[in-house]
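Listed below are the residues making up each chain.
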Amino acid sequence: MCDPGPSSLPEDGRHSVAIVGAGLAGLSAASRLRLRHGIHATLFEAQSRPGGRVFSRQLQHCGHEFVIDLGATWWHGTHGNAAYELVFENALRRDAPRKEEESDRWNEGDRALLFSTSAIVVDFNSHVRTSRIHPRLSLSVARAYDRAIEALSDVDSHPLKTGDNDRSMRDTLERSVNYDALPDFERCVFQTLDKLECCWNGCSNSTRDMSTHRSSQYITLPGDNVRPQRTGMTVVVDKLLSSLQPAQILYNKSVTSVHWQHEQGPHLHFSDGSLRKARAVLWTPSLNVTKQAVKQQLFRPQLPQFKLKHLEQRGQGVVEKVFVLLETHLLDFVSDAAVPIIWLPAPPPATLSCAAWCKGAFAILYSAEKRLVSFWLNGDPALELSQLSEKQALEQVSSFLSLVCDQKVSVTSVIRSNWCCNPFVLGSYSYPRLGCSLESVDRLADPLPSLEKPVLCFAGEGTHPHFYSTVHGAIESGYREADRIAAFLTRTPDVGPTATDTPRRQEKALTSDT
Ligand SMILES: Cc1cc2nc3c(=O)[nH]c(=O)nc-3n(C[C@H](O)[C@H](O)[C@H](O)COP(=O)(O)OP(=O)(O)OC[C@H]3O[C@@H](n4cnc5c(N)ncnc54)[C@H](O)[C@@H]3O)c2cc1C
């Protein structure tokens, strides 16, 4: 049905395209519209800063100044990576970052390597609290796990091509390592690997909710994983901002409704009571925010059934980062290498009590130079730590580190990301849920009411078919929609419903569920 809405709307020719969200998808779309197509777009951002899930913070500690990334940290692969190329325009020819941007490198893949030097084993049964090189530590499960993950990435080697045949990642991995026959200790190693896998893939508590399709859909770019360590990932945000006029972005401007079938053309309502007309709207918030928007009837009319169906097939879990500044150095502790934590199953005796979230920690990374410990948490443990007060977090993180590092650890401050509770993000990054169809992500990118008339468009990492969950996926999705909108606006002088666009025709376009 055509949305009648208010009878007259503010006209503003300069704001022909309205972009909801100034994360990487929104910024890249606005930049492309301006530089390539000469079209002015206005970005409406609910928060007081640009970048969305990219958020770098400058810290000073222990005589060092350094940057931490609370959101995205790595360029995953350098060749063909839109984010990397944006910063190093000629990166493909040079094959390396500029000297002044000297970056950390890290090779994804061999998870067994994580276990090759040391691991913390928290054993509540014996009276040995932790031991860093455990006599029972075997790499065989880790190697079997690695092989299983590798096999899953080879699309031809597994027949799971349709949603009907889908199996959860956890189920497939358990079968591959013969989980039921594993001794207890090896099962605990498996649990650690599973938490790590959840973290890499953005699912919450277990890979049980994740489809094995991830391996066949996601494309890993060639080249190392590279981190812009001097500037943090915000360098990508800054690069995009430099191509825009400051007045193009309005902050603290939360969109509360999108009327995309209004008889005078689409328009937006904001939490401050204002409203803005546009010729086309680009929606870029995360999948969880979009799901929430659907529940709150933000889209008027509601998104069509096919969108809702495909939206449900994608997940966006909780993955949080924790950075801990220490008062003193850790004694005799490996620096600059992730040390895995294996939790043995027995319930902790009172003397070794620790908060429930601790057992969600699967590895810690210590930098002796910065006197900094960092770790990641997924799912419920991440939620639990996010909800603590500063004081509680300080106390609990101190006792967690004292336990796993087997020494008294005094903490100066704890810096936590809080993506799960941020109402404009509501989670980390997207993944295909168990039972998802291979086409789901493509359909999420479909504009409304139709491909021929893209009035309400969708971008964001969750809409990229192969690079979802990444910064380069978000950027490419913004470019894609900018080109789509530009093609539409240049061939259509006005986007209000035409005489031939009867409500019946519009309804048909909306309900086509193929
Ligand atoms: C912990 C973590 C680690 C990560 N690590 C990596 C990594 O190492 N490498 C990598 O490539 N990727 C990584 N990612 C993923 C990457 O950060 C995202 O894929 C990317 O930043 C998403 O950009 P986006 O524009 O799609 O969405 P967002 O960044 O979420 O942008 C959407 C914007 O919309 C705004 N918004 C929401 N609702 C409204 C509203 N109603 N009105 C107005 N504005 C609104 C939000 O405030 C936000 O700014 C990580 C993410 C997280 C959370």
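Within each chain, residue numbers correspond to sequence positions counted from 1 in written order. Side-chain atom pairs in this predicted model are given and counted only at pLDDT of 80 or more, local residue features only at pLDDT of at least 70, and totals for whole chains, interfaces and linings cover all residues. The basis for every side-chain value is the complete set of non-hydrogen atoms in the structure, without hydrogens or water.

As recorded in an unreviewed UniProt entry, the chain goes by the name Putative polyamine oxidase 5, listed as coming from Gracilariopsis chorda. UniProt positions are given in the numbering used here, feature names are shortened, and annotations may be inferred rather than shown by experiment. Per its UniProt entry, the chain bears the Sequence similarities (unreviewed entry) comment "Belongs to the flavin monoamine oxidase family." Listed in UniProt under the heading Cofactor (unreviewed entry), the comment for the chain reads: "FAD".

Being near a molecule or strand, for a residue, comes down to having at least one heavy atom within 4 Å of it. The immediate surroundings of the ligand are formed by 36 residues, with Glu45, Gln47, Arg53, Trp74 and Val471 found nearest. Residue Arg53 places a main-chain N or O atom 2.8 Å away from an oxygen atom belonging to the ligand. In the model, an oxygen atom of the ligand is placed 3.1 Å from a nitrogen or oxygen of the Thr73 main chain. Within the complex, 98% of the 1000 Å² of free accessible area of the ligand lies under protein. Only DSSP runs of H or I reaching four residues or more are called helices, and only runs of E reaching two or more are called strands; each is numbered from the N terminus. Those elements giving two or more residues to the shell around the ligand turn out to be helix H1 (24-37) and helix H14 (471-491). Here a polar contact is recorded for every N or O atom pair within 3.5 Å, except that within protein the pair must consist of a potential hydrogen donor and a potential acceptor, and residues adjacent in sequence are included only if both atoms are side-chain atoms. We get accessible surface area from the Shrake-Rupley algorithm with a probe of 1.4 Å; when it comes to residues, only the shown protein chains can shield them.

Turning our eyes to something else, we now look at the sheet that holds strand E15 (residues 299-300). Pairing between strands requires that DSSP locate at least two bridges from one strand to the other. Within the open sheet, the four strands sit side by side as E13-E12-E11-E15. Their pairing is mixed. Edge strands, defined here as strands with exactly one partner in the open sheet, are strand E13 (275-277) and E15. Relative to E15, strand E11 (residues 255-259) runs parallel, the two sharing two bridges. When the sheet's bridge partners are listed, His259 is paired in E15 with Arg300.

What follows deals with the packing of H1 against helix H8 (residues 234-241). All axes here are fitted lines through C-alpha atoms, helices being fitted over the stretch that makes contact, and every angle between N-to-C directions spans 0 to 180 degrees. H8 packs onto H1 with a crossing angle of 30° between their chain directions and a minimal axis gap of 9 Å. Here H1 lies roughly parallel to H8, going by the angle between them. In the crossing of H1 with H8, the sense of the turn from one axis to the other is left-handed. The residues of H8 that touch H1, namely those facing Leu24, Leu27, Ser28 and Ser31, are Val236, Val237, Leu240 and Leu241. Just so you know the grouping, Ala, Val, Leu, Ile, Met, Phe, Trp, Tyr, Cys and Pro go in nonpolar, Asp, Glu, Lys and Arg go in charged, and all remaining residues, Gly too, go in polar. Looking at the contact of H1 with H8 residue by residue, the classes come out as six nonpolar, two polar and no charged. Roughly parallel covers angles under 35 degrees, roughly antiparallel covers those over 145, roughly perpendicular covers 65 to 115, and oblique covers all other angles. Each crossing gets its handedness from the near helix: less than a right angle anticlockwise from the far helix is left-handed, clockwise is right-handed. Residues count as neighbours in contact if any of their non-hydrogen atoms are within 4.5 Å of one another.

It is worth spelling out the confidence of the model for the chain at this point. When pLDDT is low, close inspection of the predicted coordinates is not appropriate. Each residue carries a pLDDT value, the predictor's own confidence for that position, ranging from 0 to 100. Looking at the chain, the pLDDT average stands at 83 and 79% of residues meet or exceed 70. In the predicted structure, residues 90-102 sits below a pLDDT of 50 and forms 23 contacts with residues beyond four places in sequence or in another chain.

What follows covers the sheet that holds strand E24 (residues 454-458). Taken in spatial order, the six strands make up an open sheet running E10-E2-E1-E14-E24-E23, and their pairing is mixed. Here the strands that pair on one side only, and so sit at the sheet edges, are strand E10 (249-250) and strand E23 (448-449). Direction of pairing for strand E1 (residues 17-20) relative to strand E14 (residues 280-283): parallel, over a ladder of four bridges. Bridging across to E14, Ala18 finds its partner in Val281.

Before going further, it helps to spend a moment on the pairing of strand E20 (residues 372-378). Relative accessibility under 20% of the residue-type maximum defines a buried residue, over 50% an exposed one, and the middle range a partly exposed one, all with a 1.4 Å probe and only protein chains included. The buried count for E20 comes to six of seven residues, which makes it a mostly enclosed element. Bridge count for strand E17 (residues 319-326) against E20 is seven bridges, and the pairing is antiparallel. When the sheet's bridge partners are listed, Val319 is paired in E20 with Asn378. Note: strand E19 (residues 363-367) against E20, three bridges, orientation antiparallel. Within E20, the position partnered with Leu365 by the bridge is Ser374.

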